[in-house]
Every structure is written in C-alpha cells, then in structure tokens.
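A closer look at the structure
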Amino acid sequence: AREQLQASQERLEHLASHDPLTGLMNRRRFDELLEQRVRAARLGGAVTAVVMFDLDNFKMVNDSRGHGVGDELLIALAGLLGEHLREIDTAGRLGGDEFVLVLEDLSGPAEAIAVAERLLIAVREPIQAGGEEVRTSLSIGIALASSTATSSGLLADADAALYRAKAAGRGRWEVFDNDMRSAALAQLSLRRELLAAEADEQFRLFYQPIVDLRTGVHLGYEALLRWQHPTRGLLLPETFLDVLEDSDSDSLVAQWALGRACADAATWPAAGGPAPFVTVNVSPRQLSRPDLARRVAGVLERTGLPAGRLWIEITEDRPLDPSQDIADVQRLRDLGVHVALDDFGTGYAGLAYLQRLPADTVKIDRVFVSQVDSDPVSRGIVGAVVDLAAVLGLQVVAEGVETEAQSVVLRDLGVVSGQGFLYGEPAPLPSSGPVPVVSTAVLAESFSGELRRLHAALTAAADPQQVAELALQAACRSVGADGGAFGALGIDGQVRLLTSVGWSRSYVEAHRTFDLDTDLHVVRAMREHRAVWVEQSEVPSVLHEGAHTHGRAVLAFACLPVAGHQRVLGGLVVSWTDPVELAPVLREHLEAITTMVGARLDDLHP
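First, a word on scope: everything that follows refers to the structure included in this document. Keep in mind that what you see is a predicted model, and the values were worked out from it rather than measured.

1. Focus on the overall build of the protein
A count of helices and strands for the protein gives 22 helices and 22 strands. For the protein, the proportion of its 606 residues judged to be buried stands at 50%. Look at the contacts in the protein between residues 6 or more apart in sequence, and 65% of them connect residues 24 or more apart.

2. Digging into the nonpolar core
When a protein is soluble and globular, its nonpolar side chains tend to lie buried together. One finds V278, L310 and L410 to be the most contacted residues of the largest nonpolar core, which totals 63 residues. In terms of residue count, the dominant contributor to this core is helix 9 (residues 250-265) (six residues). Not counting chain neighbours up to four residues away, the residues in contact with V278 comprise Y207, Y221, A223, A261, A265, W268, L305, R309, L310 and W311. A78, A91, F99 and I113 belong to the second-largest nonpolar core, a separate cluster that totals 33 residues.

3. A look at the packing of aromatic side chains
Evaluated as defined, the whole model comprises five aromatic pairs. An angle of 85° between the planes, with centres 5.5 Å apart, marks the rings of Y207 and W268 as edge-to-face. Placement of the pair is Y207 in strand 8 (residues 203-212) and W268 in the loop between helix 9 and strand 11 (277-282), with a sequence separation of 61 residues. Each member of the pair, Y207 together with W268, is buried. Of the aromatic side chains, those joined through ring pairs into one cluster are Y207, Y221 and W268.

4. Notes on the pattern of salt bridges
Within this structure, the stated rule accounts for 16 salt bridges. For the salt bridge of E35 with R39, the shortest nitrogen-to-oxygen distance reads 3.5 Å. One end of the pair, E35, and the other, R39, are both in helix 2 (residues 27-44), four residues apart, so they sit about a helical turn from each other. According to the relative accessible area criterion, E35 is partly exposed, its value standing at 27%. Note that R260 is salt-bridged to D264, the shortest N-O span being 3.0 Å. Of this pair, R260 and D264 are both found in helix 9, four residues apart, which corresponds to roughly one turn of the helix. Through salt bridges with shared partners, a single ionic network connects E222, E313, K363 and E399.

5. Section: the packing of helix 4 (residues 67-84) against helix 5 (residues 109-122)
Two elements in contact, helix 4 and helix 5, have axes whose closest approach is 11 Å; the angle formed by their N-to-C orientations is 135°. If you check the angle between helix 4 and helix 5, you find them oblique. For the pair helix 4 and helix 5, the crossing hand works out as right-handed. From helix 4, L80, L81 and H84 reach across to helix 5, where they touch R118, L119 and A122. For the contact of helix 4 with helix 5, the per-class residue count stands at four nonpolar, one polar and one charged.

6. Focus: the side chain of R93
Turning to its location among the elements, R93 is positioned in strand 2 (residues 90-95). What makes R93 buried here is its relative accessible area of 14%. Polar side-chain contacts of R93 include one of 3.1 Å to the side chain of D19. A polar atom in the side chain of R93 sits 2.9 Å from the backbone oxygen of G96. Setting aside anything within four residues of it in sequence, one finds R93 in contact with D19, L21, T22, L24, M25, N26, R27, L74, E98 and F99.

7. Remarks on the sheet that holds strand 3 (residues 98-106)
One open sheet holds the five strands; their spatial order is 2-3-1-6-7, and the pairing between them is mixed. Looking at the sheet topology across the chains shown, the edges are occupied by strand 2 and strand 7 (173-175). The mean angle between the axes of side-by-side strands here comes to 20°, regardless of whether they run parallel or antiparallel. Together, strand 1 (47-55), strand 3, strand 6 (138-144) and strand 7 form the strand contacts of helix 5, whose direction differs from that of strand 6 by roughly 165°.

8. Topic: helix 5
The terminal C-alpha atoms of helix 5, which comprises 14 residues, lie 20 Å apart, in line with the 20 Å expected from a rise of 1.5 Å per residue. Turning to helix 5, its buried residues number three or more, namely A112, I113, V115, A116, L119, L120 and A122. Those residues of helix 5 that are buried lie in contact with strand 1, helix 4, strand 3, strand 6 and strand 7.

9. Comments concerning the pairing of strand 13 (residues 338-344)
Burial runs high along strand 13: six of the seven residues are buried. Pairing of strand 13 with strand 14 (residues 361-364) involves three bridges; the strand directions are parallel. Bridged to L341 within strand 14 is V362.

How each quantity is defined
- Residues numbered from 1 in each chain as written.
- Predicted model: local features only at pLDDT ≥ 70, side-chain atom pairs only at ≥ 80, totals over all residues.
- Heavy atoms only, no water.
- Helix = DSSP H or I, 4+ residues; strand = E, 2+ residues; numbered from the N terminus.
- Buried < 20%, exposed > 50% of the residue type's maximum accessible area, 1.4 Å probe, protein only.
- Contact = heavy atoms within 4.5 Å.
- Core = buried A, V, L, I, M, F, W, Y, C linked by side-chain atoms within 4.5 Å.
- Phe/Tyr/Trp six-rings, centres within 6.5 Å; stacked < 30°, edge-to-face > 60°.
- Salt bridge = Lys/Arg side-chain N within 4 Å of Asp/Glu carboxyl O.
- Axes fitted to C-alpha atoms, helices over the stretch in contact; angles between N-to-C directions.
- Parallel < 35°, antiparallel > 145°, perpendicular 65-115°, else oblique.
- Left-handed = near helix turned anticlockwise from the far one by under 90°.
- Nonpolar A, V, L, I, M, F, W, Y, C, P; charged D, E, K, R; others polar.
- Polar contact = N/O pair within 3.5 Å; in protein donor to acceptor, adjacent residues only side chain to side chain.
- Pairing = 2+ DSSP bridges.
- Expected span 1.5 Å × (residues − 1).

Spelled out as structure tokens, the structure:
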C-alpha cells in the first residue's frame, strides 16, 4: 500500500510539472529549473544558453487538418528532441507550439548553434501525423547567459531572437544581440496595440485601380489594408502584418476587410458598363480554413455583391499543398468568385501547381514588371508567363506599373490589365465610388505604337483580305473591342464581308454579301463617306442576336469609311462588350487606322 501511495504521489508530481501532451517539462517547472541553472552558471562560470523555437505555420496546420493532427505533430517533435539533444540538456513546452531548451556546460555559442542546426535538419524530413505526412520547419532563437543574466531576461532575449528569425524568412536560427532588444520591445508593444486596433475601428481599406492597359479604363480595385494608428499615423501592412498573422486578431481583421470591401463594392456604379470588381487578399492560413467559402458566401449575401464581382487573391508565400489548395480554391470557384494567384514568380508555386490550380488570373510580380523595359530577362519571363497563361486560359495582370515605357512593353507582350502608380496610388474611395476613366496620355502613347506596328504589317500585306484582317485585329486589340468586321464595296455595287471577329457564324453567313441599300450602319458609312458613331439604342436587333450567340452584348460600335479608290470602298465596324468612353483620342485612332488602310488599298489597286 505504501508503494502504491508513493507511486501515486510520483505520478501526481509528474503531472503537475510536465506537459500532459508531450511529456516535456511544463512552463512552471521549466521556469524553476531555468532559475537554478542560471544561478549555477553565474557561480561556476559555465556557458549556458536558452534556445526557444516554434513550428512555422502551425496555426495553419490546426486550421486545415484539425487539432488532432496538430497534437500528433507536437508529440512527434518532442520525440525528435530526445534524439538530438545531449543528456544534460533540458527541454520544455511553454504552450501551443512553443518549445524551449536549456543547454548547459557549453564551450561557446557555436555549440548552441550546432544544436539549432541539428533540429532544423531533423524537421526537414516529412513528419507522420494523423496518418499523413506533414512538412514543416522551425524558427529558432538563441540567447546566451551573461554574468548578470536572469531567467526571465534570458527567455525574453530568446523570444526576441525567435521573432527575428521569423521576420528574416522562417526556417532558420538567430542569436540574440543588444540591437534586438529595442526591436523586441517595439514588437511587443505593437502586439498589444493590435489587440485594441480592431475593437477601436482603427483599420482602413485603401483601393488601387486595376486598369485596361490599352485604354486606361478602370476595371476593378484592389482592397489594401491600412492601420490608422492613434499616435504613429497611417501604417502600411509591412509594419504590422507579420505580427497580425501571428496573433489571435488575424481572423477578425481578415473577416472585417472582406466584409468592408464587399460592402463598398456593392455601392459602386456601373457608369455605362459592367460595375468594377474588388479584389481581396487572403493569406494561406485563411485559405486553408474549411469554412472560408461559407464565410465568403455569407458576406456576399449580406452585402448584396454579386459573386462574379469579387476576386480572392492568394499569395504564394509558403510551400503549397496541391490537393488541399485545389479543394479550397474550388469551393470559392463554386460560389462564382474569381480567384487570382498573386505575386506569381516570386513564391513557391511551380508550373505543375499552376496547371492544376483552378484559378482565373495570374498577377505578375512587380519585381519583373519594374525591369520589363530595360532587362531582357525580365521581359522574357513576362512573355513566358503571358504565353503560359494563354495556354491555361488564365487572365494576366501586371503589378507595379510605374512608367509609360513599362506599360508600352507590357502591351506589346500581350498583357491586357495592370495596376501601379502610373494609373493611381492606393487611396480611400470617394463616397460615390470609383468612376471608370480613360487616360488620354495612356491612350495616345498606346495608339502611337499600335499605328507603327500596323503600318509595318500593312506594308507586307499582299491583298485586300490580308489588309482587312490586319486592320480589324489592330482595331480590336488597341481599343479593347470584343469583336468587329470589315467589308468592301465591289464594282458590282455589293458589299462583301471580308473578315470578322466575335460575331456568330449564322449572322456572318446571313450578311456575308449585301446590297448598298441595305439598312446597315456600315453601308450608311460607305454611302456618306464619313464616320458613323452609333449609340446603344441605335444598334440593330439583328446585331444583338448575332453577338448573343457567343454570350456577348453589342453595347456600342463605330462604323468608319475607308477612303480610296471607288472600286475599293469599305467600312470598319468595331463593337464592345465592355463599353469604354469614346474619347476623342480613341476616335482619332480608329480614323487613323482607316486612313492607313485606305492608303494601302490604293497601293494595291492603283
């Protein structure tokens, strides 16, 4: 009985001093032991170090795979410690995924670093947890005891070094030095202030336009988080985002940003065309939460924003799990939400991942865009991404466009959409919402380059058919048109449709040849030898029907005469599904195309 009582007491003492999940020392017992070791080191002069570490992205494992898998991962990590520590070293679990070691009788800092390196290497191999392989990494902070060190001070120093390791990219170690102390204090203060920021409504959303590079029209806006700090002013995300994502406020702020962005976008006017979309960034941790699609659906229902006007941007800043990520993205796609892969080319996503991920858009990172006009390698990378996106049926958006030269090269490479300071800096939106605009300077620069390329192509054209095709392609590409047609009047008095883009086959066949007295606007332009700009209300129903076959709606089109020899009089019809403001520079550009085409036709038929 006495032996049983003693055994029971020992078990109780063990439970009181050890973590029940991992069997390592708990926080209370570890603090007591560390105090003893630090006191002994001061008296004996031995080198003692505290090593603190945690699992990178552990919260994401818990959120995506469940706490059961997370617990097994922690147990497996505790087992690895027993394999890679010396007998005199002591390990403890402070809580969550945070572990700490006391290393005694060291010869110097190098020996503590060697322990950290062994741990980093050990977790590079997949760890079995929950019946599956989990890949992870460690961030490690090392603090060496001085002659005046205290146990609480050593833990604080190791914690500061740990956060330095995280800020430097994770999966590495850092040794504490005095320069970290002020940074650590500032970060601890920031973490405390973040807890109050959401409750006090200190966060703001700024919006940056995403434009059609060919016309300057605003297609949508990216919502960007800002913190209106009560004493430090407006803070950018790089100041606080890492701390926020490691805190319990992350989910609350993300949900607020999504709701605010959708509520704002729901009030934006269509301004004569499709209403602008809004893009919201989602971190990998948020994406991996199985309830993300449900929460997005709830926000859309509450705000009244159509799902097609919401873009979710996924940042590829972690090793990607194709099977899990594909399921997460597909749930969003099933809602009708548009999914974009952000910062492509600088993260972990490979071509195989891009091929399998059910995304809609690839956003090319600014690091390539910034040099696209001066560096052949960057230009080649952007061109390769555009070609790859075309094969996969993805849209392309260029980020960080800051100069006209960059914009011109991007358009030459086939990039249709972009954002950057050239088109607008992030800013609060006016209460009336965004209004699509056309930048005359952007249009003029773009059209000048288009005309130069068209002139070179027309010079090589051998017959009117080739001239018509080149003219139509140039007109549609440069003004963002959805489709169009080119016809020529023959000496027999009939108009023959030479080429068309974006119109249904049945409509084209029905109107391949028609008489000059037919009530079509292109004929009117030919008869009157002048441009005819047609408003939406004037568009014949037959054109609507022809366009609707392909899911298009002809909202506006222009008919322009081709000056030249009487036997080769023709007309150009251009239509838009997304109507743009027909600014004077746009009209001048289309008229310049017809003038150029007329001159080439005169050359072919003197």
